[in-house]
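Given next are the chains, with one letter for each unit.
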Amino acid sequence: MKKITIKTASDIALIKYWGKKDEVLRLPENGSVSIKLDGLDTVTTVEFREDLSKDHITIQGESDNKETARVVKHLDRIRKQFGKDVYAKVVSQNTFPKGTGLSSSGSGFAALTFAATKSLEMNLSEKELSILSRQGSGTACRCACGGFVEWLDGDTSETSYSHSIQSPDFWDVRDVVVVVDEGKKKISSTEGHTLAQSSPFYSERQKRIKGKIEEIKGYIENKEFDKMGMLAEKEALEFHTILLTSETPMIAWYPGTVEVMQEVVRLREEGISCYFTINTGFNVHVLTLPEYEKQVQERMMALSSVQKVLLAKVGDKPQEVNEHLF
Ligand code: DP6
């Protein structure tokens, strides 16, 4: 049992995972496609030790909360697969604010899965790591892979996993992450998923989602940025339509979120290629190309509601690093 530290990039979904057909196994209603985000990372150190009688978890300096309980549950899953009750010390840090809708659970549970199984020398394949990560958090299934990633919906645990459709160096796409608030988001994704089917528009979304996945994969393959960006932006608006029309409605946006969305449209009218997408939070991901990144960043920083901007490139799969957190 070794002390292992893993760094994992989070991701941004172009076609979103929303709704589950199995809540316990976290089998999604539909497949999804994302880009890993180098620059918005989680670093996690895990050490299993025979002398511990329970797990000791610290996430962003905090212990004993809802999130650390979810980590213990995931360690239980890993212990079951390992076949022995041994406990761990876990310390995890993000390079970006957690709880702001920037998918910290995805990078968090992928980093945890990789570090814990490596610490126990379980020797799992990329597919097995993706399947195990998925059970901690759906988006972690994608974060287990690198570059441009597709999560196959699957009807069973064994068939619901992610694979890389293109490596990180295939295409230099940038994500300017615009933070309008650093407070905790009001919508829990895990709870939100259970309401998806209550929207009258959800069944319509499901009818078209396979086609959208094929379409976006084609745009990635051919490096058609404007087509990819426009489809991702429309998908984000459709996803928020589902949120807004669920029973109970979920309004994720803040005034600043709308200000950023409108600025993105204005930038496009001026010939700057950029497109927004938003998860269940209020902060906005603005997808762009390297030649426009600086201008997008400056224009976003000039908006009254913008607190900060984080820059991300296409990220890799989880990597082992030598600097431990304890
Ligand atoms: C809106 O992965 O956070 O970001 O599986 O319950 O942990 P759990 O949910 P989570 O869902 C987030 C979904 C989304 C869209 C996406 O990233 O695909």
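The structure displayed is predicted, hence computed values, not measured ones.

**Quick word on the state of the cysteines**
Taken as a whole and assessed by the stated rule, the structure comprises zero disulfides. For Cys145, which is in no disulfide, the shortest distance to another cysteine sulfur is to Cys141 and amounts to 7.0 Å. Its relative accessible area of 0% is what places Cys145 among the buried residues.

**Focus: the domain arrangement of the protein chain**
What the domain assignment reports for the protein chain is domain 1 (4-169) and domain 2 (174-314). The straight-line distance from the C-alpha centre of domain 1 to that of domain 2 is 23 Å. Counting residues at the interface gives 39 residues for domain 1, matched by 48 residues for domain 2. Interface area for domain 1 against domain 2, summed over the two sides, is near 3500 Å², with a carbon-plus-sulfur share of 65%. The shortest N-O distance in the salt bridge between Asp153 and Lys210 comes to 4.0 Å.

**Let's talk about the nonpolar core**
Residues Leu14, Ile35, Val173, Phe225 and Met228 are the most contacted members of the largest nonpolar core, which totals 28 residues. Elements that contribute at least two residues to this core include exactly strand S1 (4-15), strand S4 (32-49), strand S9 (174-179), helix H6 (202-221), helix H7 (225-244) and strand S12 (308-314). Of the residues forming this core, the biggest block, five residues, is contributed by H6. Inspection of this core shows a minimum of three residues originating in each of domain 1 (4-169) and domain 2 (174-314). Among the nonpolar cores identified, the runner-up in size contains 26 residues, and Ile78, Ala88, Phe114 and Leu120 belong to it.

**Looking at the site of the ligand**
In the vicinity of the ligand, 18 residues are found, and the nearest of them are Tyr17, Lys20, Arg70, Gly138 and Thr190. Between Arg26 and the ligand, the recorded distance is 2.9 Å, taken from a side-chain N or O atom to an oxygen atom. In the model, an oxygen atom of the ligand is placed 3.5 Å from a nitrogen or oxygen of the Ser105 side chain. Every element with two or more residues in the shell around the ligand is listed here: helix H4 (138-143) and helix H5 (189-193). Within the shell around the ligand, the residues separate by chemical class into four nonpolar, nine polar and five charged. Structurally, the shell around the ligand is a two-domain feature, drawing no fewer than three residues from each of domain 1 (4-169) and domain 2 (174-314).

**Section: the packing of aromatic side chains**
The relative placement of two aromatic rings is captured by the distance of their centres and the angle of their planes. Summed over the entire model, instances satisfying the criterion amount to seven aromatic pairs. A centroid spacing of 6.2 Å and a plane angle of 80° characterise the contact between Trp171 and Phe225, whose relative ring orientation is edge-to-face. A residue pair is termed long-range when its members are at least 10 positions apart, and Trp171 in the loop between strand S8 (162-166) and S9 and Phe225 in helix H7 qualify at 54 residues. Between Tyr254 and Phe282 the ring centres are 4.2 Å apart and the planes differ by 15°, which places this aromatic pair in the stacked class. Remark: Phe282 occurs in the loop between strand S10 (274-277) and strand S11 (284-288) and Tyr254 occurs in the loop between H7 and helix H8 (255-269); sequence separation between them is 28 residues. An aromatic cluster is present here, built from Phe148, Phe170, Trp171, Phe225 and Tyr275 joined pairwise through their rings. For the cation-ring pair, Lys89 lies above Phe326, with the distance from its terminal atom to the ring centre recorded as 4.5 Å.

**Topic: helix H3 (residues 126-136)**
With eight of its eleven residues buried, H3 lies for the most part within the structure. Buried-residue contacts for H3 involve strand S3 (27-28), helix H1 (66-82), helix H2 (104-119), H4, strand S7 (148-151) and S8.

**Looking at the packing of H1 against H2**
The description of two packed helices rests on the angle between their axes and on the distance between the axes. Interhelical geometry of H1 versus H2 gives an angle of 40° and a closest axis separation of 11 Å. By the criterion of interaxial angle, the relationship of H1 to H2 is oblique. Our pair here, H1 against H2, has a crossing hand that is right-handed. For the pair H1 and H2, contact is made by Arg70, Val71, His74, Leu75 and Ile78 and by Ser105, Phe109, Leu112, Thr113, Ala116 and Thr117, respectively. In terms of residue class, the contact of H1 with H2 is built from six nonpolar, four polar and one charged.

So, how was this worked out
Residues numbered from 1 in each chain as written. Predicted model: local features only at pLDDT ≥ 70, side-chain atom pairs only at ≥ 80, totals over all residues. Heavy atoms only, no water. Disulfide = S-S within 2.5 Å. Buried < 20%, exposed > 50% of the residue type's maximum accessible area, 1.4 Å probe, protein only. Domains from an automatic or database assignment. Contact = heavy atoms within 4.5 Å. Buried area = accessible area lost by both parts, 1.4 Å probe. Salt bridge = Lys/Arg side-chain N within 4 Å of Asp/Glu carboxyl O. Core = buried A, V, L, I, M, F, W, Y, C linked by side-chain atoms within 4.5 Å. Helix = DSSP H or I, 4+ residues; strand = E, 2+ residues; numbered from the N terminus. Near = heavy atom within 4 Å. Polar contact = N/O pair within 3.5 Å; in protein donor to acceptor, adjacent residues only side chain to side chain. Nonpolar A, V, L, I, M, F, W, Y, C, P; charged D, E, K, R; others polar. Phe/Tyr/Trp six-rings, centres within 6.5 Å; stacked < 30°, edge-to-face > 60°. Lys NZ or Arg CZ within 6 Å of the ring centre and 35° of its normal. Axes fitted to C-alpha atoms, helices over the stretch in contact; angles between N-to-C directions. Parallel < 35°, antiparallel > 145°, perpendicular 65-115°, else oblique. Left-handed = near helix turned anticlockwise from the far one by under 90°.

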